[in-house]
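Chains, contacts and geometry: an overview
What follows is the residue order along each chain.
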Amino acid sequence: MAYTPHTPADVEIMLKSIGASSLDDLFRDIPAELLLDKPLDIPAMTEFEVDAYFEERAAENHNWIPGRNFLGAGAYQHFIPSASLYLIGRGEFMTCYTPYQAEVSQGTLQAIYEFQSHICSLTGMEVANASMYDGATALAEALTMAIREKRKNIAYLPELLHPHYREACESFVQGLGMELRTIPANGAQTDYASLMDSIEPCAAVVVATPNALGGIEDGDAARALADKGNALLISVVNPTSLPVLAAPGDYGADIACGEAQPLGIPLSFGGPYAGFFASTKKLIRKMPGRIVGKTTDKDGKDGYVLTLQTREQHIRRDKATSNICTNQGLFALLTVIYMTLLGKEGLTEVAETSLARTQQLADGLADAGIRLFDAATPHFHEVALKLPISADEFRHRMKEDHGILPGFELKNWYPNFPEAEKLLLVNCTEVHTGADIDRFVEAAKSVVGAEAVAQA
Amino acid sequence: MYAQTIPLINEKSSHGRRGVLPPSASEQERSEALMRVPAKLRRKAAPAMPEVSELEAVRHFTRLSQKNFSIDGQFYPLGSCTMKYNPRINEKVAAMAGFQRLHPMQEEADIQGSLRIYHDLQEILKEVLGLEAVTLTPAAGAQGEFVGMTIIKAYHDAQGNHDRDEVLIPDSAHGTNPASAALAGFKVREVKSTKEGRVDLESLRAAVSERTAGIMLTNPNTCGVFENDIREIAKIVHEAGGLLYYDGANLNAIVGRTRPGDMGFDVVHMNLHKTFSTPHGGGGPGAGPVGVAKRLLDFLPDPHVKKNADESYSFYRPSKSIGRVMGFHGNAGVLVRALAYALAQGGTGFWDVATYATLNANYVLNNLPPVFQRPFGDLCKHEALVSIERISREKGIKAFDVAKRLLDLNFHAPTIYFPLVVHECFLIEPTETESRETLDSFISAMNQIADEIANDPEKLQDAPLSLPTGRLDEAGAARELNVCCRWDYSGADS
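Numbers given for residues are sequential positions, taken from 1 along each chain in its written order. Chains and ligands are labelled sequentially in the order written, the chains with letters from A and the ligands with numbers from 1. Per-residue local features are limited, in this predicted model, to residues with pLDDT of at least 70; the limit for side-chain atom pairs, both in listing and counting, is 80 or more; totals at the level of whole chains, interfaces and linings are taken over all residues. For the side-chain quantities, the full set of heavy atoms in the structure was used; hydrogens and water were omitted.

1. Focus on the overall build of chain A
Where we set the bar: To qualify as a helix, a DSSP run of H or I must reach at least 4 residues; to qualify as a strand, a run of E must reach at least 2; elements of each kind are numbered from the N terminus. Residue exposure (1.4 Å probe, protein chains only): buried if accessible area is under 20% of the type maximum, exposed if over 50%, otherwise partly exposed. Contact criterion: two residues are considered in contact whenever any of their non-hydrogen atoms come within 4.5 Å of each other. Per-residue accessibility takes into account occlusion by the displayed protein chains alone, with areas from the Shrake-Rupley method and a 1.4 Å probe. Positive residues here are Lys and Arg, negative ones are Asp and Glu, while His and the chain termini are left out of the count. Where a charge lies is defined by one atom per residue type: Lys uses NZ, Arg uses CZ, Asp uses CG and Glu uses CD.
Per the secondary structure count, chain A includes twelve helices and 15 strands. When its C-alpha atoms are laid out on the principal axes, chain A stretches across 90 × 55 × 50 Å. Taking all 456 residues of chain A together, the buried fraction comes to 68%. A sequence separation of at least 24 residues applies to 71% of the contacts in chain A between residues at least 6 apart. When the accessible surface of chain A is summed, it comes to about 14,400 Å², and 50% of that surface belongs to carbon and sulfur atoms. Mean positive and mean negative side-chain charge positions of chain A (37 and 59 charges, respectively) differ by 7 Å.

2. Considering the packing of aromatic side chains
What counts, and what does not: Centre distance within 6.5 Å is the pairing criterion for rings of Phe, Tyr and Trp, where only the six-membered ring of Trp is used; planes under 30 degrees apart are then read as stacked, over 60 as edge-to-face, and the remainder as tilted. Note on criteria: charge over ring means Lys NZ or Arg CZ within 6 Å of the ring centre, with the direction from the centre no more than 35 degrees off the ring normal.
Using the criterion set out here, one finds 23 aromatic pairs over all chains in the structure. Centroid distance tyrosine 53 of chain A to phenylalanine 54 of chain A: 4.9 Å. Interplanar angle 85°. Geometry classified as edge-to-face. Summarising the burial analysis for this pair, tyrosine 53 of chain A and phenylalanine 54 of chain A share the class buried. Between phenylalanine 394 of chain A and phenylalanine 440 of chain A, the ring centres sit 6.5 Å apart and the planes meet at 50°, which makes this aromatic pair tilted. Note that phenylalanine 394 of chain A is positioned in helix α11 (residues 391-402) and phenylalanine 440 of chain A in helix α12 (residues 434-455), a separation of 46 residues in sequence. For the pair formed by phenylalanine 394 of chain A and phenylalanine 440 of chain A, the shared burial category is buried. Every member of this aromatic cluster is reached through a ring pair, and the members are Tyr3 of chain A together with Tyr85, Phe276, Tyr341 and Phe350 of chain B. Residue placement shows arginine 57 of chain A over the ring face of tyrosine 53 of chain A; its charged tip is 4.7 Å from the ring centre.

3. A look at the sheet that holds strand β7 (residues 290-292) of chain B
All names here are of chain B. Under the convention used in this document: Two strands make a pair as long as DSSP finds a minimum of two bridges between them. Working convention: axes come from line fits to C-alpha atoms, limited for helices to the stretch in contact. Angles between N-to-C directions cover 0 to 180 degrees.
In spatial order, the strands read β1-β7-β6-β5-β4-β2-β3; together these seven strands make up an open sheet with mixed pairing. One side of each edge strand has no neighbouring strand; the edge strands of this open sheet are β1 (133-135) and β3 (187-191). Across the sheet, the mean angle separating the axes of adjacent strands is 25° when strand polarity is ignored. Note that strand β4 (residues 212-218) and strand β5 (residues 243-248) share five bridges and pair parallel. Residue pairing in the sheet places threonine 218 in a bridge with aspartate 247 of β5. In the packing of helix α6 (residues 141-158) onto the sheet, the strands contacted are β2 (166-170), β4, β5, β6 (267-270) and β7, and the crossing angle to β5 comes to about 170°.

4. Things to note about the domain arrangement of chain A
Residue and element names in this part refer to chain A. Basically, it comes down to this: Domain boundaries shown here were taken from an automatic or database domain assignment. Buried area counts how much accessible surface, traced with a 1.4 Å probe, disappears from two parts once they are put together, with both parts' losses summed.
Looking at the assigned domains, one finds that chain A contains domain 1 (68-73 + 343-455) and domain 2 (82-337). A straight line from the C-alpha centre of domain 1 to that of domain 2 covers 29 Å. Each partner contributes residues to the interface: domain 1 has 21 residues there, and domain 2 has 22 residues. When domain 1 packs against domain 2, close to 1,700 Å² is buried across both sides, 70% of that on carbon and sulfur atoms.

5. Remarks on the side chain of glutamate 352 of chain A
In plain terms, the rule: Side-chain atoms alone can form a polar contact between residues adjacent in sequence; in general such a contact is a pair of N or O atoms within 3.5 Å, and within protein one must be able to donate a hydrogen while the other accepts it.
Checked against the element boundaries, glutamate 352 of chain A lands in helix α10 (residues 329-367). The class of glutamate 352 of chain A is buried, set by a relative accessible area of 11%. Looking at glutamate 352 of chain A, its side chain comes within polar contact range of the side chain of arginine 30 of chain B, at 2.7 Å. Ignoring anything within four residues of it in the chain, the contact list for glutamate 352 of chain A reads Val244 of chain A together with Arg30, Ala33 and Leu34 of chain B.

6. Description of empty space enclosed by the protein
Residue and element names in this part refer to chain A. Counted only if it meets this: Each cavity reported here is a set of points on a 1 Å grid over the protein atoms alone in which a 1.4 Å probe fits but cannot get out, each pocket an open set with protein on both sides within 12 Å along at least five of seven lines, and each lining residue one with an atom within 4 Å of a point. Grid points are joined across faces, edges and corners, and a volume is the space filled by probe spheres set on the points. Following the grouping adopted for this structure description, the nonpolar residues are Ala, Val, Leu, Ile, Met, Phe, Trp, Tyr, Cys and Pro, the charged ones are Asp, Glu, Lys and Arg, and the polar ones are all others, Gly among them.
Throughout the structure, instances matching the rule amount to nine cavities of 30 Å³ or more. Empty space within the largest cavity amounts to approximately 260 Å³. Around the largest cavity sit 22 residues that line it, and Gly74, Tyr76, Tyr165, Pro210 and Asn238 are the ones nearest its centre. Breaking the lining of the largest cavity down by element, the ones donating at least two residues are β6 (204-209) and β7 (232-237). Classifying every residue of the lining of the largest cavity gives 13 nonpolar, seven polar and two charged.

7. Some remarks on the interface of chain B and chain A
The condition that has to hold: For this analysis, a salt bridge means a side-chain nitrogen from Lys or Arg found within 4 Å of a carboxyl oxygen belonging to Asp or Glu.
Taken together, the contacts link 204 residues of chain B with 188 residues of chain A. With both chains or domains summed, chain B and chain A bury close to 17,000 Å², and 61% of this area falls on carbon and sulfur atoms. Looking at the side of chain B facing chain A, the largest losses of area belong to Met49, Phe61 and Val483 of chain B, adding up to 4% of the total buried there. Notably, a salt bridge pairs aspartate 29 of chain A with lysine 381 of chain B, separated by 2.8 Å at the nearest N-O pair. The greatest single-element share of the side of chain B that touches chain A, amounting to 26 residues, is contributed by helix α11 (residues 332-365) of chain B. Of the residues assigned to the side of chain B that touches chain A, the class counts are 106 nonpolar, 60 polar and 38 charged.

8. Topic: the environment of glycine 73 of chain B
Residue and element names in this part refer to chain B. Here glycine 73 lies in the loop between α2 (54-65) and α3 (88-94). A relative accessible area of 49% places glycine 73 in the partly exposed class. When the C-alpha atoms of glycine 73 and histidine 412 are compared, they prove to be 9.9 Å apart, with 339 residues separating the residues in sequence.

9. Some thoughts on the sheet that holds strand β15 (residues 423-427) of chain A
Residues and elements named next belong to chain A. On the basis of which strands lie adjacent, the open sheet formed by four strands has the order β12-β13-β15-β14 and antiparallel pairing. The strands lining the two open edges of the sheet, one partner per strand, are β12 (371-372) and β14 (408-409). Strand direction decides the pairing type here: β14 and β15, joined by two bridges, are antiparallel. The residue of β15 that forms the bridge with phenylalanine 408 is leucine 425.

10. Focus: the layout of surface pockets
Taken as a whole, the largest pocket holds about 1,000 Å³ of empty space. Among the elements of the structure, β11 (302-306) and α9 (313-316) of chain A together with α6, α13 (399-408), β11 (415-416) and α16 (474-479) of chain B are those that each provide at least two residues to the lining of the largest pocket. Classifying every residue of the lining of the largest pocket gives 21 nonpolar, 18 polar and six charged. If you add up the space inside the second largest pocket, you get close to 610 Å³. Sort the elements by how many residues they give to the lining of the second largest pocket and helix α7 (residues 163-173) of chain A lands first, with three residues. Looking at the lining of the second largest pocket residue by residue, the class counts come to eleven nonpolar, five polar and nine charged.

11. Considering the nonpolar core
Just so we agree on the cut-off: Residues belong to one nonpolar core when they are buried, are Ala, Val, Leu, Ile, Met, Phe, Trp, Tyr or Cys, and are joined through side-chain atoms within 4.5 Å.
In this structure, Phe54 of chain A together with Leu204 and Phe276 of chain B are the most contacted members of the largest nonpolar core, which totals 130 residues. Considering each element in turn, this core owes the most residues, 20 residues, to α11 of chain B. When near neighbours in sequence (up to four residues on either side) are disregarded, phenylalanine 54 of chain A contacts Val93, Met96, Phe99, Ile117, Val336, Leu339, Ala340 and Leu343 of chain B.

12. Focus: the pattern of salt bridges
Evaluated as defined, the whole model comprises 63 salt bridges over all chains. Arginine 397 of chain A serves as the salt-bridge partner of glutamate 393 of chain A, at 3.5 Å between the closest nitrogen and oxygen. Taken together, the residues span about one helical turn, with glutamate 393 of chain A and arginine 397 of chain A both in helix α11 at a distance of four residues. Its relative accessible area of 35% is what places glutamate 393 of chain A among the partly exposed residues. For arginine 395 of chain A, the salt bridge identified is with glutamate 107 of chain B, shortest N-O distance 2.8 Å. Of this pair, arginine 395 of chain A sits in helix α11 while glutamate 107 of chain B sits in the loop between α4 (97-100) and α5 (112-129), on two different chains. Given the relative accessible area of 13%, arginine 395 of chain A is considered buried.

Structure below.
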């Protein structure tokens, strides 16, 4: 079903007008030995059958009830207002393209301008772009921007940066000859001070806060290290945290970027999400990706256009600031609708509730004799537990006996940490009620019971 | 179109007004939790954010949507973008809770349905491309290009050929090609086009050397012309030790009728938001899967999906993988939509896609008024390239003016000023989902514009005249940069 409207009469009229003898004749410029003589051997389904195929696939996935799922590790469950998913489904938003013809794309353009404005407000930065693919690639782009700005090819990344981000950055910068070094961790916090005497002049120092273990970093310490290396400070932030935690602009970050998924984008097995990217105004001409600017039309009315396009690939080609073309427009739009619907107070409540629930869980578990990997470091909405049994067994029993997905096994990321096999990363957000937290604590008590008591 | 200027949402905000209420802990619980975070790590004042009711928000974005042209509303013949109908079954299945709530880090036993979707889509795309394996991870065409070029680099490095640092790219190529090659660490060497709009074989022979890592080609190319010397091009590049990269932006012209793998390409990216009907979303998300020939299998990005002997599915890291290229494993929701489309097509559907896309483009090419000249003959593939260079010199009318006038007549403009090798050009891609009647009305609009060029050229230079927004000052936007509104940083009390 090719969704083609052509009747046999249409085909006849059109072929005649073209002067072609048949539909196959339209392909006479392709060497005969390259043309297939019949359609590919792929069966076609009716719409009903397509629907049924996906019903079956969906049923083969384990669809967790939000309150029973405590898995975070870079993608986070949040309440998503119904109106937001409805609005991005409107054909006028969903089925248009990049706003090259500004006069008939003012809706998309103004929405992106509002996205850029909200991102600037959240991060405390001066300018932002229209989105990147995701948080990991946004950081990779930030590193390449830092190379161009500083003309150095070393960058320092924290050990507690999400390991997937680190790996994506390695893939991204290998062609540019950039060397990525590591800032060591001390518990659940990065030890910026440890490199103060040894840092070399470099392109960038990265701070990720909250970090891969949920720890809240000290932006001032990161800024001090960046200054020592005469480097840009790149801050990777979870936007959910920004209504309550210090913003990148507060501690003088040059670039702030990250994953916008927590701003109302469904988990969707890892994508589509949207990366956000903000910087100081001074750096805007080196920024990757599309940027919307406000202007006026010939009658002096406000309007919006894509601007500073001379940075981009379709004009600068191999000298462009990035190769990015298609970005994640519709999902940037979803986040701006989310921010609008939740508003100033709602976003603050989400941040504070995520913080509160995580503390409640940690407190409850401490009472049960289950300790944190690092109790001294303040955490946002994720925390590493140091279990008395293996995290693998804990997860298995929580799931099978209590119907709870308790988190992520950190031995997959940090196999060299002491007793790594006992570390479990747990995330709480506003989707978890007090009762959900209590249920987790009770279940955990029964799973670790005897061992915890023995150790306490 | 919604006619009024729409104020920014912050201009509509009132302090204390609430929209949708999220689930929340009590005020006491929240403030106690906050106090346990050291003051220096906390934000001093909440950031300014909109404060509007749910209805105000819905109305704001509904009105914004009404300021857009879209495929659902208008003929949108943007060349190289394949703006075909986006079937709603794709949206329905992608929204199923079993996909939308699936966490990317869930264990393999709990994600078998989605892994099978990856596998089934990989198999179909392999068949469509005529190649050995396909990675679904890249988020868009440009990222697919970067992944493909990085694979080519890794392959040459693994062979010990570290000196192969040049990539050949025709002067008609998409801008992403040279940008992606440069990002992967290559030097770009341009190859000239012939006057028929094809790769010049003599320039190509002169350009290849022991430095050649590969060539990036689009076929049919950006002039809408099939590179019928493709087998010879492949021979020249392969004999020089290089690999062939296929930019799949134009795959819609040939999908199911001829295969890049059979032409001799080693690496191919395709744009699922073009050929496979997933919505463009105002600039994304897309998906840019990359197919590779057998000798490149081991270099694919991490993770890759395979089917096991016991019929289960799992992720694995190929042995010489170029590594991870996204935070997780790509735009999974886009892949669901693309598979829904592919399943609905089958082999016969793809055959029809290429056939009718080509029929429609040729119908437009052969029925435009003579002022729109055809630089490369009267047979094109899925897009028609025409130019007004001659009349432009006489009358001072630009392709830009014609594009803006088309907006007045309720058509989205074609791509203009691309490919770079043809001046004052229009790249018109109708796609297969448009009817003859729609094409006729577009042709009639182009006839009207041809008359206006002859008799009333000022009208074009002022266009658009009938839209709520007139011609916008792009130079002014770049000169006096305003890319975010000035919120009161300490709070939106005003």
